[in-house]
Amino acid sequence: MTDPRKPEQDDVDDLLLSALYRQGAEELPPPELDQAIREQARKVARRRRWFALPKVALAMSVLLGVGVALRVFDVAPPEQAVIEYEMPSKQVTKVSPPAPAPRSESIDRAPAGVVPVPSDAAKLDSAVLGSAAAPSPDQDAGMPASEMAEPPAIQNSGQARRELLMRERAKRKSAQPVQPVCHADIPPLDAAAIEWLRRIRDLREAGEQERASCLQRFYRERFSEPDQIKPPSVRE
Amino acid sequence: MKWYRDGDADAFNRLYARYRAPLYRYVLRQCAGCPEADELYQDVWLRVVRARGQWRASQPFRPWLYRIAHNRVVDHWRAKGQAHEDFEEQEAPDATPLQEMLAHLRDCVARLKELLGYLPAAQRDAFLLKEEAGLTLAQIAEVTGTERETVKSRLRYALKRLRDGLEGCDD
């Protein structure tokens, strides 16, 4: 009753019992049960396939969002960088943080080792806040290094300074552009070159040199090759 | 199984066709003809479907499948308030009354099936894992979470009891 081919399982193998058992082992699951199990397995497999798609879409969206956000926040220079740029040269070198923003104006316009000239904004700043916010180089010369590193005025009124600067910038943007002296002399858009030249000549003859030069500047902007069409009488 | 795990629904049909009959009989005999046999069988397959992500290509599928089935059967017995191991301590029915009880059975096959139902659960489990699943002693030990020698012992006892009950069928 034992299987001689498997010596290690001699005492647990019984061929007669196995044969008897296999003879009677003919029960099968009902077809409806088979169908139900197969259907369930198919549903789960399908769900899994579609389940992966939103995950991929979500990952792509997050990636895109992060990229856009980084781009948006990277374009504007950090506040610290703006303050540094608007401060006089000695203060810039002492207050600047170890890791500057790559696109900040302070880097673009004031490379390492070069002392930046105070900008219009800095001048405006000093005009608005007085000498405490933007001290002159003469003042800096006599100031101890520790004080220059952390000017108390900047520390105390940093927020107010930024607000004032932003307000001034907005005011400048919204202000009307200054009209040129020859504004009234500029011919209409469809006027021929000869009309421009005639007016320039008339202004020169009338002794209005400033207006004539102004109009000539606009004429050169308007026409690419003015010398070719300039009549001999107005050619300089 | 790897294909099904990776989303190929048809792979499950091939897998199911191969294992449906032996697994069904394994559950049926473990349950000893209880009305929940179909439910248990279906539940085993659903567990396989749910746990497909846990299956590793390095491990053979058959022992993994029967481990799930074994655990499900043990859970069933526990839910019924009877520990799987309790049966091991049970005394096998006396051979003589058993023979009398089975005297009316027409053939030895039917008697064997009947005798299987009287076996302690752990012995029946080992016997079915060997006969139906075709697992080795080591694999049975792995599936049931026991030692190889324990499996061997259980099988020895199971065969002895079955032989005793099937006296007269060996000619």
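### Observations regarding the overall build of chain A
Now for step 1: Scanning chain A from terminus to terminus reveals 12 helices and 0 strands.
Now for step 2: Counting all 236 residues of chain A, 29% fall into the buried class.
Now for step 3: A separation of at least 24 residues holds for 54% of the contacts in chain A among residues at least 6 apart in sequence.
Now for step 4: In the structure as shown, chain A presents an accessible area of about 15900 Å², 59% of it carried by carbon and sulfur atoms.

### Things to note about the state of the cysteines
All names here are of chain A.
Now for step 1: Taken as a whole, this structure holds 1 disulfide over all chains when the rule is applied.
Now for step 2: Sulfur-sulfur distance for the disulfide between Cys182 and Cys214 comes to 2.0 Å. One disulfide, between Cys182 and Cys214, carries an S-S torsion of -50° and so falls in the left-handed class. Here Cys182, found in the loop between helix H9 (152–174) and helix H10 (193–205), pairs with Cys214, found in helix H11 (residues 209–222); they are 32 residues apart in sequence, far enough to count as distant.

### As for helix H4 (residues 61–79) of chain B
Now for step 1: Taking 1.5 Å of rise per residue, 19 residues should cover 27 Å, and H4 of chain B covers 27 Å from first to last C-alpha, within 8% of that figure.
Now for step 2: Gly81 of chain B sits one or two residues past H4 of chain B and shows a positive phi near 85°.

### Re the environment of Gln216 of chain A
All names here are of chain A.
Now for step 1: Looking at the element boundaries, Gln216 is found in helix H11.
Now for step 2: Gln216 sits 16 residues away from Ile200 along the chain, and the two C-alpha atoms are 6.6 Å apart.
Now for step 3: Among the polar contacts made by the side chain of Gln216, one reaches the side chain of Arg204 at a distance of 2.5 Å.

### Some details on the packing of aromatic side chains
All names here are of chain A.
Now for step 1: Applying the stated criterion across every chain yields a total of 10 aromatic pairs over all chains.
Now for step 2: Relative to Tyr219, the ring of Trp196 has its centre 6.1 Å away and its plane inclined at 45°; by these criteria the two rings are tilted. Within this pair, whereas Trp196 is found in helix H10, its partner Tyr219 is found in helix H11, the two being separated by 23 residues in sequence. Considered together, Trp196 and Tyr219 belong to a single accessibility category, that of buried residues.

### Points about the nonpolar core
Now for step 1: The biggest cluster of nonpolar side chains holds 65 residues, and the ones touching the most others in it are Tyr4, Tyr41, Trp45, Phe61 and Tyr66 of chain B.
Now for step 2: Examining the composition of this core, we find that 12 residues originate from one element, helix H2 (residues 9–31) of chain B, more than from any other.
Now for step 3: Counting residues domain by domain, this core receives three or more from each of domain 1 (1–84) and domain 2 (86–171) of chain B.
Now for step 4: Apart from the residues lying within four places of it in its own chain, the contact partners of Tyr4 of chain B are Ala41, Val44 and Ala45 of chain A together with Ala9, Ala11, Phe12, Val49 and Arg52 of chain B.
Now for step 5: With 12 residues, the next largest nonpolar core counts Ala193, Leu203, Ala212 and Leu215 of chain A among its residues.

Cut-offs and rules
- Every chain is numbered on its own, with residues counted from 1 as its sequence reads.
- Chains and ligands are labelled sequentially in the order written, the chains with letters from A and the ligands with numbers from 1.
- Where local features are concerned, this predicted model is filtered to residues with pLDDT of at least 70; where side-chain atom pairs are given and counted, the filter is 80 or more; whole-chain, interface and lining totals use all residues.
- With hydrogens and water excluded, all non-hydrogen atoms of the structure serve as input to the side-chain values.
- Numbering goes from the N terminus for both helices and strands, where a helix is a DSSP run of H or I of at least four residues and a strand is a run of E of at least two.
- Only protein chains enter the area calculation, which uses a 1.4 Å probe; residues under 20% of their type maximum are buried, those over 50% are exposed, and those in between are partly exposed.
- In this description, contact between two residues means that some pair of their heavy atoms is separated by no more than 4.5 Å.
- Computed with a 1.4 Å probe, the accessible areas rest on the Shrake-Rupley method; for each residue, only the protein chains presented here act as cover.
- Two cysteine sulfurs form a disulfide in these notes if their separation is within 2.5 Å.
- Take the number of residues in a helix, subtract one, and multiply by 1.5 Å to get its expected span.
- Distance and chemistry together define a polar contact, namely a pair of N or O atoms within 3.5 Å, with one atom able to donate a hydrogen and the other to accept it when in protein, and with adjacent residues in sequence counting only for side-chain atoms on both sides.
- Here the aromatic set is Phe, Tyr and Trp, taking the six-membered ring for Trp, and pairing holds for ring centres within 6.5 Å; pairs whose planes are under 30 degrees apart are stacked, those over 60 apart are edge-to-face, and all others are tilted.
- Here, nonpolar core means buried Ala, Val, Leu, Ile, Met, Phe, Trp, Tyr and Cys residues that are tied together by side-chain atoms lying within 4.5 Å of each other.
- Where a domain begins and ends is set by an automatic assignment or by a domain database.

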